[in-house]
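What follows is the residue order along each chain.
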Amino acid sequence: MIAEARRRAQETNLPVLLAVADLMCDLPYRERVFDYLLLTNIAYSYIFPRWRRVRFLRQAHSVLKHGGVFIISFTPARGDTRIPAGLSEWLFMRLRRWPPFNREYEPGDCFADTFIHFFRSEELCQEFQEAQFLIKDWLWDQGYAVLVKL
């Protein structure tokens, strides 16, 4: 994707800096360097646990310029938010009480080919607000949010 974006930017003579970073590590960029950030392919749903997601959002906030836009994709939870997503969530919520199981397991964490977090809207809003993002647009059914740094 980056190679294709660079090729298109070069064809149109756009001064674009494209970069790739590991979501599990600190972002290697200085503060206020980007106008836009894009996190696609539901990557935010693969960051565990909550404290690591909020840390990532705060770092994303710091590398954006004022007025910068962050388009982020996630996996929305479906159905009744009071009921666990299935047998795996029910089981993991009970197993986390005992060592050596993952004590940081949270409601919404689920195994669907791989581990993934399904977000409830209140939870996601709270994480965005903790990182001081303003939600500009909310495309819940498509699994996208457009955030702005004020």
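Everything discussed here concerns the structure shown above.
Residues numbered from 1 in each chain as written. Predicted model: local features only at pLDDT ≥ 70, side-chain atom pairs only at ≥ 80, totals over all residues. Heavy atoms only, no water.

**Focus on unusual backbone geometry**
The phi torsion of most residues other than glycine is negative, and most of the peptide bonds are trans.
Line of reasoning, step 1. That bond from F48 to P49 is cis: its omega, -20 degrees, falls within 30 degrees of zero.
Line of reasoning, step 2. Along the chain, P49 falls in the loop between β1 (34-39) and α2 (50-63).
Line of reasoning, step 3. If you check the backbone angles, R32 has positive phi at about 50 degrees while not being a glycine.
Line of reasoning, step 4. Among the secondary structure elements, R32 is positioned in the loop between α1 (2-11) and β1.
Line of reasoning, step 5. Positive phi values are uncommon outside glycine, yet I42 reaches one of about 50 degrees. (Helix = DSSP H or I, 4+ residues; strand = E, 2+ residues; numbered from the N terminus.)

**Re the pattern of salt bridges**
Line of reasoning, step 1. Counted by the stated rule, this structure contains ten salt bridges.
Line of reasoning, step 2. In this structure, E123 and R53 form a salt bridge, with 3.6 Å as the shortest nitrogen-oxygen distance. Pair noted here: E123 is in helix α4 (residues 121-130) and R53 is in helix α2, with a separation of 70 residues, a long-range link. R53 shares its class with E123; the two are buried.
Line of reasoning, step 3. Note that E127 is salt-bridged to R53, the shortest N-O span being 2.9 Å. Taken together, the residues E127 in helix α4 and R53 in helix α2 connect sequence positions 74 residues apart.
Line of reasoning, step 4. Relative accessible area serves as the criterion here: at 0%, E127 is assigned to the buried category. (Salt bridge = Lys/Arg side-chain N within 4 Å of Asp/Glu carboxyl O. Buried < 20%, exposed > 50% of the residue type's maximum accessible area, 1.4 Å probe, protein only.)

**Re α2**
Line of reasoning, step 1. Here α2 contains 14 residues, and its C-alpha end-to-end distance of 20 Å stays within 8% of the 20 Å for a straight helix at 1.5 Å per residue.
Line of reasoning, step 2. Considered for burial, the residues of α2 that qualify are R53, V54, F56, L57, Q59, A60, H61 and V63.
Line of reasoning, step 3. Structurally, α2 contributes buried residues whose contacts are with β1, β2 (64-73), β5 (114-119), α4, β6 (133-139) and β7 (144-149). (Expected span 1.5 Å × (residues − 1). Contact = heavy atoms within 4.5 Å.)

**So, the packing of α2 against α4**
Line of reasoning, step 1. Remark: α2 packs on α4, axes separated minimally by 8 Å, with the N-to-C direction vectors making an angle of 45 degrees. Taken together, the axes of α2 and α4 lie oblique to each other. Helix-helix and strand crossings are classified by hand; for α2 and α4 the assignment is right-handed. Facing R50, R53, V54, L57 and R58 of α2, the residues of α4 in contact are E123, Q126, E127, F128 and E130.
Line of reasoning, step 2. Looking at side-chain class alone, the contact of α2 with α4 contains three nonpolar, one polar and six charged residues. (Axes fitted to C-alpha atoms, helices over the stretch in contact; angles between N-to-C directions. Parallel < 35°, antiparallel > 145°, perpendicular 65-115°, else oblique. Left-handed = near helix turned anticlockwise from the far one by under 90°. Nonpolar A, V, L, I, M, F, W, Y, C, P; charged D, E, K, R; others polar.)

So far we have only geometry, and geometry alone does not tell us how the molecule works.
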